[in-house]
Amino acid sequence: MSGQRPQTTGTLMHKVEIRQSPVAGMPASEHLYPAAFPDEDLVPLVRRLLMHDPRILSLVAQAGQHVAGHILFKLCGITNSDIQAALLAPLAFAPEHQRQGIGTALISESLHQLESGGVGQVFVLGDPAYYDRSGFKPETGAAPPYPLPEQWRQAWQSLSISPDKSLNQE
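Here's what I pulled together on the structure shown here. (Residues numbered from 1 in each chain as written. Predicted model: local features only at pLDDT ≥ 70, side-chain atom pairs only at ≥ 80, totals over all residues. Heavy atoms only, no water.)

**Notes on the overall build of the protein**
- Looking only at helices and strands, the protein has five helices and eight strands in total.
- Sequence-ordered secondary structure for the protein, helices as α and strands as β, is β-β-α-α-α-β-β-β-α-β-α-β-β.
- Counting over 170 residues, the protein shows a buried share of 47%.
- In the protein, of all internal contacts separated by at least 6 residues, the share reaching a separation of at least 24 is 63%. (Helix = DSSP H or I, 4+ residues; strand = E, 2+ residues; numbered from the N terminus. Buried < 20%, exposed > 50% of the residue type's maximum accessible area, 1.4 Å probe, protein only. Contact = heavy atoms within 4.5 Å.)

**Looking at helix H3 (residues 43–52)**
- Every buried residue of H3 is accounted for by Val43, Val46, Leu49 and Leu50. The buried residues of H3 occupy an angular sector of 135° when projected down its axis, which confines them to one face. (Arc of directions from axis to C-beta.)

**Quick notes on a nonpolar patch on the surface**
- Together, Leu125, Tyr146 and Trp152 make up an exposed nonpolar region whose accessible area comes to about 280 Å².
- By the element assignment, leucine 125 lies in strand E6 (residues 121–125).
- The partly exposed category is assigned to leucine 125, whose relative accessible area is 30%. (Patch = residues over 30% accessible without salt bridge, like charges linked within 9 Å, V, L, I, M, F, W, Y side chains within 5 Å. Areas by Shrake-Rupley, 256 points an atom, 1.4 Å probe, with all protein chains shown as cover. Salt bridge = Lys/Arg side-chain N within 4 Å of Asp/Glu carboxyl O.)

**Quick word on the packing of aromatic side chains**
- Under the defined criterion, the tally for this structure stands at four aromatic pairs.
- With 5.3 Å between their ring centres and 10° between their planes, phenylalanine 123 and tryptophan 156 make a pair best called stacked. Of this pair, phenylalanine 123 sits in strand E6 while tryptophan 156 sits in strand E8 (residues 156–160), and the two are 33 residues apart along the sequence.
- Under the relative-accessibility criterion, phenylalanine 123 is labelled buried at 3%.
- Tryptophan 156 sits in the buried class, given a relative accessible area of 2%.
- Clustering of aromatic rings is evident, with ring pairs tying together Phe93, Tyr130, Tyr131 and Phe136. (Phe/Tyr/Trp six-rings, centres within 6.5 Å; stacked < 30°, edge-to-face > 60°.)

**Let's talk about the layout of surface pockets**
- What the largest pocket holds in volume is close to 980 Å³.
- The wall of the largest pocket is formed by 34 residues, among which Phe37, Leu91, Leu125, Gly126 and Tyr131 lie closest to the centre.
- The set of elements that each furnish at least two residues to the lining of the largest pocket consists of H3, strand E5 (84–93), helix H4 (102–116), E6 and helix H5 (128–131).
- It is E5 that contributes the most residues to the lining of the largest pocket, seven residues altogether.
- Across the lining of the largest pocket, the residue classes tally to 22 nonpolar, seven polar and five charged.
- Of the volumes computed, that of the second largest pocket is approximately 160 Å³.
- Surrounding the second largest pocket, 13 residues form its lining, Gly77, Ile78, Ala142, Ala143 and Pro145 being those nearest its centre.
- Of the residues assigned to the lining of the second largest pocket, the class counts are ten nonpolar, three polar and no charged. (1 Å grid on protein atoms, 1.4 Å probe; cavity = no way out; pocket = protein on both sides within 12 Å on 5 of 7 lines; lining within 4 Å. Points joined across faces, edges and corners; volume = space filled by probe spheres on them. Nonpolar A, V, L, I, M, F, W, Y, C, P; charged D, E, K, R; others polar.)

**Focus: H4**
- In this model, H4 (15 residues) spans 21 Å end to end at C-alpha, consistent with the 21 Å of a helix rising 1.5 Å per residue.
- Along H4, the residues that are buried comprise Ile102, Gly103, Ala105, Leu106, Ile107, Glu109, Ser110, Leu111, Gln113 and Leu114.
- Just beyond H4, the residue with positive phi is glycine 118, at close to 95°. (Expected span 1.5 Å × (residues − 1).)

Written out as structure tokens, the structure is:
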């Protein structure tokens, strides 16, 4: 799951490079989380995943000299299945870069790399209105790895990125 492909979108004002984020580069992306999620402290989770879990995919969006976005996935399995899966952990981008296609570019490149690495299904707990744009749909076939309040049920979503390696085989 390596490789770097510069990504641009129609609404992006400048070129954004999507690249792997090494653990040593973590401080450059930490500032994004308090700005993107002012009511949640996600930095400890991001640090824990990056420092202690070798089964992750971590990418940043570099806009000029600044890290404008960060996405993190934890690779995992599905109980009673041989399907490789990934949990989209936090996705954050600087508020001043919202509505410029950075989140979409990070998701798109991540999905490409995950599929190339043999992942068939990606799960996320997030805003359905946001993740629906990338093809995520409410998930009913696989339970989340932790209990969810009923009001968050629609926020548990998934996307089949490799139809022959997913729960939703056609």
